[in-house]
Amino acid sequence: VGHCHPDIVKAAHEQNQLLNTNSRYLHDNLVDYAERLSKTLPEKLCIFYFLNSGSEANDLALRLARQYTKHEDVIVLDHAYHGHLTSLIDISPYKFRNLEGQKEWVHVAPVPDTYRGLYREDHEDSVTAYADEVKNIIDHAHKRGRKIAAFFVESLPSVGGQIIPPVGYFQKVAEHVHKAGGVFIADEIQVGFGRVGKHFWAFQLQGEDFIPDIVTMGKPIGNGHPLACVATTKEIAEAFAATGVEYFNTFGGNPVSCAIGLAVLDVIEKEHLQAHATEVGNFLMKILKEQQIKHPIIGDVRGCGLFIGVDLIK
């Protein structure tokens, strides 16, 4: 919402003067913030865990998925990056390929990229073809006696090249993953909070009939303040709580962080930032496409709102 936005600075300053506690102590800001966030999401995503970073959020999402499914394996997209914790380097091909390599519980699916990928714009049904790649991975894993806990994906792969998955891909993948007893995790850390313009969350680009089982958020959620969140369903949260080992995070969901989170939502609303992302994004796409006609080096211009990729070719 902009560097040193006065409303955010004011909210942080005012709450800092009142109270900032370890988050074992209940505070209205926590409840108010969870309630406000819930209004932006599908109804079934109604349980919120607050944390300090996107990496913490993705690590917790992994734990939730494994506890709920009682399975271990994770399917990710090629080139994915989900964070800097050890658990997340393991599911980030972008990182592990240069480090210790792929663990046996990690399965890598091709990016649903219709420009450079396996199945392109001229393919008769790229959605089904890419989803079938995930189904094949599941079948192969089952033959080896392995079970899928989650399909873990950025709603719009960013490090992978600003990819816009074809509409319907998530629905088909979710069907295969659910059938295998796994859950669908949407990583919205880079693309959530209205960045795509027409929707508040990037997974909503896939259509109203698609709802992930877990959504993770970070980066823009606190406008530079360390704040993150995991949203999930009651069923998954209850399975996690049933261990008797509660989830606790000293600073996650503290009053100051929640005051900032609330202020960010206020600014997005008050300054019509979703509409702004749509308008500026459309303008930028238009002038980039004009450049594409003039310059053969520009192979593809793609995007949604202020998430835009320009593919340069030889």
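Residues numbered from 1 in each chain as written. Predicted model: local features only at pLDDT ≥ 70, side-chain atom pairs only at ≥ 80, totals over all residues. Heavy atoms only, no water.

- Under the annotation held in an unreviewed UniProt entry, the protein carries the name AT2L2 lyase and is attributed to Erpornis zantholeuca.
- Of the protein, the UniProt comment under Cofactor (unreviewed entry) reads exactly: "pyridoxal 5'-phosphate". (UniProt positions renumbered as here; feature names shortened; annotations may be inferred.)

## Re the overall build of the protein
Reasoning step 1: Summing up its helical and strand segments, the protein has 10 helices and nine strands in all.
Reasoning step 2: Taking 2.2 N^0.38 as the reference for a compact globule, 314 residues should give roughly 20 Å; the C-alpha atoms of the protein span a radius of gyration of 20 Å, in line with that estimate.
Reasoning step 3: On the principal axes, the C-alpha backbone points of the protein span a range of 60 × 55 × 40 Å.
Reasoning step 4: Residues counted as buried form 53% of the 314 residues belonging to the protein.
Reasoning step 5: Across the protein, the fraction of contacts at a sequence separation of at least 24, relative to all contacts at a separation of at least 6, is 72%.
Reasoning step 6: By element, 53% of the accessible surface of the protein is carried by carbon and sulfur atoms, the whole surface being about 15100 Å².
Reasoning step 7: Distance between charge centres in the protein, computed from 30 positive and 39 negative side chains, equals 4 Å. (Helix = DSSP H or I, 4+ residues; strand = E, 2+ residues; numbered from the N terminus. Rg over C-alpha atoms; globule rule 2.2 N^0.38 Å. Buried < 20%, exposed > 50% of the residue type's maximum accessible area, 1.4 Å probe, protein only. Contact = heavy atoms within 4.5 Å. Areas by Shrake-Rupley, 256 points an atom, 1.4 Å probe, with all protein chains shown as cover. Lys, Arg positive; Asp, Glu negative; His and termini not counted. Charge placed at Lys NZ, Arg CZ, Asp CG, Glu CD.)

## Points about the nonpolar core
Reasoning step 1: Phe151, Tyr169 and Met217 are the most contacted members of the largest nonpolar core, which has 55 residues in total.
Reasoning step 2: Examining the composition of this core, we find that nine residues originate from one element, helix H9 (residues 255-270), more than from any other.
Reasoning step 3: Residues Ala61, Phe152, Ile236 and Phe240 belong to the second largest nonpolar core, which totals 25 residues. (Core = buried A, V, L, I, M, F, W, Y, C linked by side-chain atoms within 4.5 Å.)

## As for the side chain of aspartate 300
Reasoning step 1: Examined against the element boundaries, aspartate 300 turns out to sit in strand E8 (residues 298-304).
Reasoning step 2: Judged by relative accessible area, which is 11%, aspartate 300 ranks as buried.
Reasoning step 3: One polar contact links aspartate 300 to arginine 302, side chain to side chain, over a distance of 2.7 Å.
Reasoning step 4: Setting aside anything within four residues of it in sequence, one finds aspartate 300 in contact with Tyr115, Gln292, Gly309, Val310 and Asp311. (Polar contact = N/O pair within 3.5 Å; in protein donor to acceptor, adjacent residues only side chain to side chain.)

## Topic: the packing of helix H1 (residues 6-18) against H9
In a packed pair of helices, the relevant descriptors are the angle between the two axes and the axis-to-axis distance.
Reasoning step 1: At a closest axis distance of 8 Å, the pairing of H1 and H9 adopts a crossing angle of 155°. On the basis of their axis angle, the class for H1 and H9 is roughly antiparallel. As H1 runs across H9, the sense of the crossing is right-handed. Here Asp7, Ile8, Ala11, Ala12, Gln15 and Asn16 of H1 lie close against H9, whose contacting residues are Pro255, Val256, Ala259, Ile260, Ala263, Val264, Val267 and Lys270.
Reasoning step 2: Of the residues assigned to the contact of H1 with H9, the class counts are 10 nonpolar, two polar and two charged. (Axes fitted to C-alpha atoms, helices over the stretch in contact; angles between N-to-C directions. Parallel < 35°, antiparallel > 145°, perpendicular 65-115°, else oblique. Left-handed = near helix turned anticlockwise from the far one by under 90°. Nonpolar A, V, L, I, M, F, W, Y, C, P; charged D, E, K, R; others polar.)

## Thoughts on the pairing of strand E6 (residues 214-217)
Reasoning step 1: Burial along E6 is two-sided: Ile214 and Thr216 and Val215 and Met217, pointing in opposite directions, are all buried.
Reasoning step 2: Here strand E5 (residues 183-187) pairs with E6 via three bridges, running parallel. Paired with aspartate 187 across the bridge in E6 is threonine 216. (Pairing = 2+ DSSP bridges.)

## Side note on the domain arrangement of the protein
Frequently, the measure chosen for interface size is the accessible area that the parts lose on association.
Reasoning step 1: Partitioning the protein into domains gives domain 1 (6-271) and domain 2 (272-313).
Reasoning step 2: If you average the C-alpha positions of domain 1 and of domain 2, the two centres end up 25 Å apart.
Reasoning step 3: In this assembly, 23 residues from domain 1 lie in contact with 18 residues from domain 2.
Reasoning step 4: Buried area between domain 1 and domain 2, summed over both chains or domains, comes out near 1700 Å², and the portion from carbon and sulfur atoms is 55%.
Reasoning step 5: The largest per-residue losses of area from domain 1 upon contact with domain 2 belong to Tyr115, Gln162 and Arg195, which jointly make up 33% of the total buried on that side.
Reasoning step 6: Along the contact surface separating domain 1 from domain 2 lie one salt bridge.
Reasoning step 7: Measuring nitrogen to oxygen at the nearest pair gives 2.6 Å for the salt bridge that ties aspartate 311 to arginine 116.
Reasoning step 8: Applying the counting criterion to the domain 1 and domain 2 interface returns 15 residue pairs in polar contact (both at pLDDT 80 or more).
Reasoning step 9: Among the residues making up the side of domain 1 that touches domain 2, the classes are represented as 11 nonpolar, six polar and six charged. (Domains from an automatic or database assignment. Buried area = accessible area lost by both parts, 1.4 Å probe. Salt bridge = Lys/Arg side-chain N within 4 Å of Asp/Glu carboxyl O.)

## Considerations on the sheet that holds E6
Reasoning step 1: Read across the open sheet, the seven strands follow the order E1-E7-E6-E5-E4-E2-E3; overall the sheet is mixed. What marks the edges here is a single partner per strand, and that holds for strand E1 (47-51) and strand E3 (106-109). Recorded for the sheet is a direction-independent mean angle of 20° between the axes of neighbouring strands.
Reasoning step 2: Strands strand E2 (73-77), E3 and strand E4 (148-154) of the sheet are contacted by helix H6 (residues 126-143), whose axis makes an angle of about 155° with E3.

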